[in-house]
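As a plain string of letters, each chain reads:
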Amino acid sequence: MSPELATKRYFTIFIPAICAYAAGSAGVTWAVDNADLSTGLTYSLALVPILAIFFAFWAHWRFANEIDEFLRLIQIKGTLFGIASVMVVASGWGTLEMLADAPRLPVFWLLPIFWVAQSAATAVFSKRESVF
Amino acid sequence: MKNCLKALRAERKWSQSDLGDSLGVSRQTINAIEASRYDPSLPLAFKIARLFGRTIEDIFDDDAQIQD
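Residues numbered from 1 in each chain as written. Chains lettered and ligands numbered in written order. Predicted model: local features only at pLDDT ≥ 70, side-chain atom pairs only at ≥ 80, totals over all residues.

## With respect to the interface of chain A and chain B
How we decide: A pair of residues counts as a contact when their C-beta atoms, built from backbone coordinates, are separated by no more than 7 Å. Charged means Asp, Glu, Lys or Arg here, nonpolar means Ala, Val, Leu, Ile, Met, Phe, Trp, Tyr, Cys or Pro, and polar covers whatever is left, Gly included.
Every contact between the two is made by eight residues of chain A and, on the other side, 10 residues of chain B. Here the residues of the side of chain A that touches chain B are counted per class, giving four nonpolar, one polar and three charged.

## Quick word on unusual backbone geometry
Rules: Numbered from the N terminus, helices here are DSSP runs of H or I no shorter than four residues, and strands are runs of E no shorter than two. Buried residues are those with 20 or more other C-beta atoms within 10 Å of their own C-beta, exposed residues have 12 or fewer, and partly exposed residues lie in between; C-beta atoms are placed from the backbone.
If you check the backbone angles, A:D101 has positive phi at about 55 degrees while not being a glycine. Secondary-structure assignment places A:D101 in the loop between helix 3 (69-100) and helix 4 (110-128). Given 8 C-beta atoms within 10 Å, A:D101 falls into the exposed group. You will see that B:K13, though not glycine, has its phi angle at about 60 degrees, which is positive. Turning to its location among the elements, B:K13 is positioned in the loop between helix 1 (5-11) and helix 2 (16-23). On the basis of neighbour counts, which here come to 7 C-beta atoms within 10 Å, the residue B:K13 falls in the exposed class.

## Observations concerning helix 3 (residues 27-34) of chain B
Listed as buried for helix 3 of chain B are B:Q28, B:T29, B:I30, B:A32 and B:I33. In the segment just after helix 3 of chain B, B:S36 is the residue with positive phi, at about 60 degrees.

Structure, rendered in structure tokens:
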């Protein structure tokens with residue numbers, strides 16, 4: 001499959017999934033703050049952004065399998081950078097919370113940190129390898 | 001790893017996209033291999049060698065010296 005077609009198939013799933021994640025997270029947060037929801041209903045509504053995350057990662061997995069080995073290597077490097085960024089932030093901030101009473105960092109932010117770091121790293125690696 | 005892929009491609013007047021299409025990989029991958037920025041996997045190296053009717057050693061030159 002051509003990288004152009006694989007990219008089109010990727011964004012066809014990924015962009016709606018990220019939009020559903022953002023809208024679902026904001027919507028459920030608003031509902032929890034403004035409505036008297038039962039615990040069961042809260043958990044059910046929370047499944048919306050959770051499922052959106054699943055589809056976003058599934059789209060990325062499929063994309064990595066549909067492109068060729070060189071482009072896949074760039075995606076893997078970018079993903080490793082994203083994972084490393086999340087681990088550094090999570091472990092580093094956790095250490096600050098434990099030792100220095102730093103304010104709590106909600107784990108909600110780990111996913112946005114991952115996608116920003118992964119996207120930036122993939123763009124840099126692609127530019128360095130003259131992919132675009 | 002150095003290689004003569006660009007010369008072999010030029011002999012046949014193929015573009016990087018033409019060669020990529022024949023091998024089932026992207027133009028970017030051909031460009032990276034020709035520039036020695038990426039070493040292909042063994043299956044891809046075999047496909048390249050078969051396409052040009054050469055052996056892998058004819059096309060790719062590992063400049064590392066083997067020590068006895």
